[in-house]
Amino acid sequence: MRIKVERRLETPKFIYILIPLASIIASLIFVGILLFLIGVNPIDAYSTMIYRAFGTKFGVTELFVKTAPIILTGLAVSIPLRAGLWNIGAEGQLYMGAFAASFIALYLSPPPVVLPFMVIMAVLAGMMWASIPGVLKAKFELNEIISTLLLNYVAIYWVEYLVYGPMKGKEVYNFPYSDLFSDYAILPRFFGTRFHAGVIVAFILAIAIYILITRTSYGFAVKIVGANPKAAEYAGISRKKIIISTMILGGAIAGFAGMMEVSGLHMRLRAAVSPGYGYTGIPVALLARGNPLFVIMAAFLFGLLYVGGSAMQTTYGIPVAVVDVFQALVVLFIIGGDFFTRYRISFVFREASA
Amino acid sequence: MSLLLWQGGKGCNFYKLVEHYQGIEINMGNRKTKTERGWALQGENSDIILEMKNITKVFPGVVANDRVNLEVRRGEIHGLLGENGAGKTTLMSILYGLYRPDEGEIIFDGEKRVFSSPKDAIESGIGMVHQHFMLVNKMSALNNILLGYKTPGDPLLDYEWAREKIRSIIEVYGIDAELDERVINMSVGEEQRVEILKSLFRDVKLLILDEPTSVLTPIESERLFQALKRMSEKGLTVLFITHKLREALEVTDRITVLRKGRNVGTLITKRTDEKELARLMVGREIDMKIEKKRVEAGKDVLKLENVYARNDRGLMALKGISLSVREGEILGIAGVSGNGQKELEEVIIGLRPVEKGKILFNGEDITFSSVRKRTRLGISCIPENRIETGLAPSLTIEENLILRDYESFSRNGFMEFDMIEAHAEKLVEEYGIKTPSTKAPARTLSGGNIQRLIIARELSRNPLFLIASQPTRGLDIAGIDYVRRKLISLAEEGKAILLISEDLEEIVQISDRIAVIFEGEIRGIFDRENVDIDRIGLLMSGGADN
Ligand SMILES: Nc1ncnc2c1ncn2[C@@H]1O[C@H](COP(=O)(O)OP(=O)(O)OP(=O)(O)O)[C@@H](O)[C@H]1O
Ligand SMILES: [Mg+2]
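Residues numbered from 1 in each chain as written. Chains lettered and ligands numbered in written order. Predicted model: local features only at pLDDT ≥ 70, side-chain atom pairs only at ≥ 80, totals over all residues. Heavy atoms only, no water.

**Student:** So what exactly am I meant to see when it comes to the overall build of chain B here?
**Tutor:** Helix and strand counts for chain B come out as 19 helices and 22 strands. At 24 Å, chain B has a C-alpha radius of gyration in line with the 24 Å of a compact globule built from 546 residues. Along the first, second and third principal axes, the C-alpha atoms of chain B reach 70 × 60 × 55 Å. Taken over 546 residues, chain B has a buried fraction of 57%. Put simply, of all contacts in chain B between residues at least 6 apart along the chain, 68% involve residues at least 24 apart. Here chain B has roughly 22,800 Å² of accessible surface; of this, 50% comes from carbon and sulfur atoms. (Helix = DSSP H or I, 4+ residues; strand = E, 2+ residues; numbered from the N terminus. Rg over C-alpha atoms; globule rule 2.2 N^0.38 Å. Buried < 20%, exposed > 50% of the residue type's maximum accessible area, 1.4 Å probe, protein only. Contact = heavy atoms within 4.5 Å. Areas by Shrake-Rupley, 256 points an atom, 1.4 Å probe, with all protein chains shown as cover.)

Printed below as a string of structure tokens:
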């Protein structure tokens, strides 16, 4: 038997649905094998995950709470992706948003208007942070993958420095935390759970972005730049403007995610504001192929993993890092799966003609 | 036998004859024709290298090939003719292993074959040069030729051996290319020669050329034909797609005509003529006798004053161009490509910065205006490089048709999808773009239909000024006729047109004035009344005007 790899000119539509699904399933199997190797029955583990997420009111609301920031970072990656840019920096943009929001909450602004003001500053901080790689790309063709990735470290260590130093709270012993925010600076919560107002905003934002990129002329311009930058220039669309604006828009959303996390969940600034939501945005955007509505769906999957991951930690003592493993696998499988959109594999059992 | 009928029947009912003819060919079987081959160039011992039988290929909504039979003899140059979208490229792509036929079989070199990839095809001895080139831009010609090839001593690349082999190919066929130049810096003609070298390097027996001359200058075409003839003398077989009947008649031994996916006849070149071929292709006669009425030229619409601009390599490509295009006139720019035409086009639409000099549009200085502003002022452009510049191949036909005006298809920032659809339906109908759906990706269009799409978009904008760069390249005769008439009627409405074309005949046919460009300078401007073709030819090649 011989395996033949052939180039395809026509890509059947179902491949585009099959690849994400197959990637998810393959990743689940892989992680299952890993679990098995460390002595955990994968079936039990997965059913625990499912049960934790769907079995209780607490689980369901937690699922939403964890899904919301992933929707936002998924959007932050998706928007530039449509213009052909890789925003690996949603994590850093999220941290800068968290920092800006916390700064307002702790030091500035009169109480009653503090929430909107926090939102504005977080969004601005995310925009500013994303504009750096955007401008560098537009002006000097500097690779945005590298610049966004490196700026993540700057942002994360900046926040860490603050919570260990200048912004460290008075009553937090030796934890890297700021003081708690005042009640005015905390997003309203519902159902007696951690389900906060930010979750609803995340869903609304996803729909708004969907409309923006599929229905408006701006979205059309982004699409043209993504499809053929040269044709875009010829069509009078400034590629530079689109590069910068999509990055900034992505940054704004990631920045808001940062505000939402500190104000809705932690109620203070702390180290590790995000367990890597910014990076989770990447597989989410890939699974969704840049479509905001699919981003919601893909984000739920990863939200489920985060909820389930912490359940596994408490039940089986498996580190939450297993979620990172899963995430990495999905990215690998999707990128690998891209191969199948361009090539066709067939098995030749006997040579047709020698 | 069939040939006699064919000849005798010229005046009679044409279609009946076609059917008759085809019927006979099929009944005869392929081998029997041998006796009739006294006239063939190859003489008695020529045999059949390729037989495609009953090939059918259906794309969603289109039957691209409908039970096509094609028979090619060893050592012949076989022409493949047909309208845009007739299925020529598809048929050749099937042969080359790019597509799988839904039905039918291929017998190559005496064996039944199923090519499932170009690699298969190349290994069996079939090479193809595509309508749109497929080289790696950032690599040198040499590396492109070697890409995927195992030189002796693999896995190490034996460059010396390769150079030697290429050198001998160049010597035999006279197809020359600068081996160490990167493809990105090459002219299309040169790029094509690299593609051909790439095939010859792999010792192919059959070379497919998909519209090779549509991008070539007449001189380059002539060189290519010489090479093709040498190939044929050496026993190589060539399958040659073209829209230019004269070329087909000049260079081929036999010609097969496709219409709407069907083979409507295989003719012996010596025994046919342009008229017959045209009728076979289109099904009606096209006179091509176009005459532009002399319109009193109005005021200057576009005016270039001493314009300098650099090319991509940073060298000065436009050296002090001054010209003006007036209302109601077509100004033709004659010249061998690579003499600044591309830069001229880009400077006018705003894609390339002007180094020195001024561009005026209706008196307004637009030297530094954005592309968008110029588009809005009423400048349209059919760019020379359609696929790279003029089109977003992955987007739909609908979307491509509004590429330059998408903002006027939106209200308050929201796209008006109904309007966009109606617009597309209208243009597809009006410009005869062959497609099953306006929502199909533009890349599924045939080469000529891509060209129609771009022309439709640019002309329907109702521009005040149009740059038409090689506007009829890749079009079939009906399409050429249509576009030329359209350009003339635009000019007669008072629009100004700058026609950049390598086809001197086209320029002379429809221009009011002709400017000759050479090495970035305008070497002379002629009124139509006193064109002197010889002198234009001389100036185009850099000769002094005296
Ligand atoms: N990949 C594809 N998907 C769908 N339709 C296709 C595809 N490729 C070709 N077609 C359709 O098949 C028909 C034949 O196309 P083909 O490219 O073979 O034409 P052609 O004879 O080469 O024309 P041209 O002279 O314009 O290059 C066209 O109607 C085209 O739209
Ligand atoms: Mg074609």
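The rest of the description comes next.
**Student:** Is there a simple way to think about unusual backbone geometry in this case?
**Tutor:** For residues that are not glycine, phi is negative in most cases, and the peptide bond is trans in most cases. One non-glycine residue, A:Arg289, lies in positive phi territory at about 50°. Position of A:Arg289 relative to the elements: it lies in the loop between α11 (277-288) and α12 (292-316). Unlike most non-glycine residues, B:Asn54 shows phi in positive territory, near 55°. With respect to the helices, strands and loops of the structure, B:Asn54 is situated in strand β1 (residues 48-59).

**Student:** When you look at the interface of chain B and chain A in this model, what are you seeing that I'm missing?
**Tutor:** Interfaces are often described in size by the accessible area the parts lose on coming together. Contact residues are listed per partner, giving 39 residues for chain B and 25 residues for chain A. Counting each side, the surface lost to burial between chain B and chain A is near 2,700 Å², with a carbon and sulfur contribution of 58%. On the surface where chain B and chain A come into contact, there are 2 salt bridges. Here A:Lys223 ties to B:Glu399 by a salt bridge, and the two come within 2.5 Å at their closest N and O atoms. Summed over the shared surface of chain B and chain A, the number is 11 residue pairs in polar contact (both at pLDDT 80 or more). Elements that contribute at least two residues to the side of chain B that touches chain A include exactly β1, β5 (111-113), α12 (371-377), α13 (386-390), β18 (414-415) and α16 (447-460) of chain B. (Buried area = accessible area lost by both parts, 1.4 Å probe. Salt bridge = Lys/Arg side-chain N within 4 Å of Asp/Glu carboxyl O. Polar contact = N/O pair within 3.5 Å; in protein donor to acceptor, adjacent residues only side chain to side chain.)

**Student:** So what exactly am I meant to see when it comes to the sheet that holds strand β13 (residues 330-334) of chain B here?
**Tutor:** Whether parallel or antiparallel, the strands of a sheet pair through hydrogen bonds between backbone atoms. Residue and element names in this part refer to chain B. Ordered in space as β16-β19-β20-β13-β21-β22, the 6 strands form an open sheet in which the pairing is mixed. Each edge of the open sheet is held by one strand with a lone partner, namely β16 (379-382) and β22 (521-527). Taken pair by pair, the neighbouring strands of this sheet meet at an average axis angle of 15°, ignoring direction. Of the pairings in the sheet, the one linking β16 to strand β19 (residues 465-469) comprises 4 bridges and is parallel in character. Looking at β19, one finds that isoleucine 379 is bridged to phenylalanine 465. Strand contacts of α16: β16 and β19, with the helix running at about 170° to β16, the strand carrying the most contacts. (Pairing = 2+ DSSP bridges. Axes fitted to C-alpha atoms, helices over the stretch in contact; angles between N-to-C directions.)

**Student:** Could you clarify how one ought to interpret the pattern of salt bridges in this entry?
**Tutor:** When the charged atoms of two side chains lie near each other, side chains of opposite charge can form a pair. Within this structure, the stated rule accounts for 52 salt bridges over all chains. A salt bridge links A:Glu62 to A:Lys66, with the nearest nitrogen and oxygen atoms 3.3 Å apart. Separated by 4 residues within a single helix, A:Glu62 and A:Lys66 lie in helix α3 (residues 57-82), roughly one turn from each other. According to the relative accessible area criterion, A:Glu62 is buried, its value standing at 5%. The shortest N-O distance in the salt bridge between B:Glu181 and B:Arg313 comes to 3.7 Å. With B:Glu181 in the loop between α6 (159-173) and α7 (188-201) and B:Arg313 in the loop between β11 (300-310) and β12 (316-326), the pair connects residues that are 132 residues apart, well separated along the chain.

**Student:** Can you walk me through the sheet that holds strand β6 (residues 126-129) of chain B in this structure?
**Tutor:** Residue and element names in this part refer to chain B. Read across the open sheet, the 6 strands follow the order β6-β7-β8-β3-β9-β10; overall the sheet is mixed. Lying at the two open borders of the sheet, with one neighbouring strand each, are β6 and β10 (262-268). Averaged over all adjacent pairs, the angle separating strand axes in this sheet is 20°, with direction ignored. Note: strand β3 (residues 77-82) against strand β8 (residues 237-241), 4 bridges, orientation parallel. If you follow isoleucine 77 over to β8, its bridge partner there is valine 238. Contacts between helix α8 (residues 218-233) and the sheet are confined to β3, β7 (206-210) and β8, with β8 contributing the most and set at about 145° to the helix. Relative to the sheet, helix α10 (residues 274-282) contacts β3, β9 (254-259) and β10, its axis offset from that of β9 by approximately 30°.

**Student:** Hey, could you run me through the nonpolar core in this one?
**Tutor:** What tends to happen in soluble globular proteins is that the nonpolar side chains get buried as a cluster. One finds A:Leu35, A:Leu72, A:Leu75, A:Met118, A:Met259, A:Leu269 and A:Phe302 to be the most contacted residues of the largest nonpolar core, which totals 84 residues. Sequence-distant contacts of A:Leu269, that is, excluding residues within four places in its chain, are made with A:Ala98, A:Phe99, A:Ser102, A:Val159, A:Val163, A:Met167, A:Pro176, A:Tyr177, A:Ser178, A:Phe181 and A:Val262. Counting 41 residues, the second-largest nonpolar core is a separate cluster that includes B:Ala424, B:Leu427, B:Ala442 and B:Leu453. (Core = buried A, V, L, I, M, F, W, Y, C linked by side-chain atoms within 4.5 Å.)

**Student:** Could you clarify how one ought to interpret the site of ligand 1 in this entry?
**Tutor:** Residue and element names in this part refer to chain B. In the neighbourhood of ligand 1, 22 residues make up the surrounding shell, with Gly85, Thr89, Thr90, Ser446 and Gly448 lying closest. For ligand 1, an oxygen atom lies 3.2 Å from a polar atom in the backbone of alanine 86. Take tyrosine 99: an N or O atom from its side chain is 3.2 Å from a nitrogen atom of ligand 1. Here ligand 1 has 630 Å² of accessible area as a free molecule, and 91% of this is covered by the chains. When residues of the shell around ligand 1 are traced back to their parent elements, those giving at least two are β2 (62-73), α3 (88-95) and α16. Domain assignment of the residues forming the shell around ligand 1 places at least three in each of domain 2 (47-282) and domain 4 (389-462). (Near = heavy atom within 4 Å. Domains from an automatic or database assignment.)

**Student:** Honestly, the packing of helix α8 (residues 217-227) of chain A against helix α10 (residues 239-266) of chain A in this entry has me stumped. Any pointers?
**Tutor:** Two quantities define a packed helix pair, namely the angle between the helix axes and the distance between the axes. All names here are of chain A. Closest axis-to-axis distance for the α8/α10 pair is 10 Å, and the angle between their directions is 115°. Judged by the inter-axis angle, α8 sits roughly perpendicular to α10. Seen along the crossing, α8 lies across α10 with a hand that is left-handed. Residues Tyr218, Ala221, Val222 and Val225 of α8 pack against Arg239, Ile242, Ser245, Thr246 and Leu249 of α10. Classifying every residue of the contact of α8 with α10 gives 6 nonpolar, 2 polar and 1 charged. (Parallel < 35°, antiparallel > 145°, perpendicular 65-115°, else oblique. Left-handed = near helix turned anticlockwise from the far one by under 90°. Nonpolar A, V, L, I, M, F, W, Y, C, P; charged D, E, K, R; others polar.)

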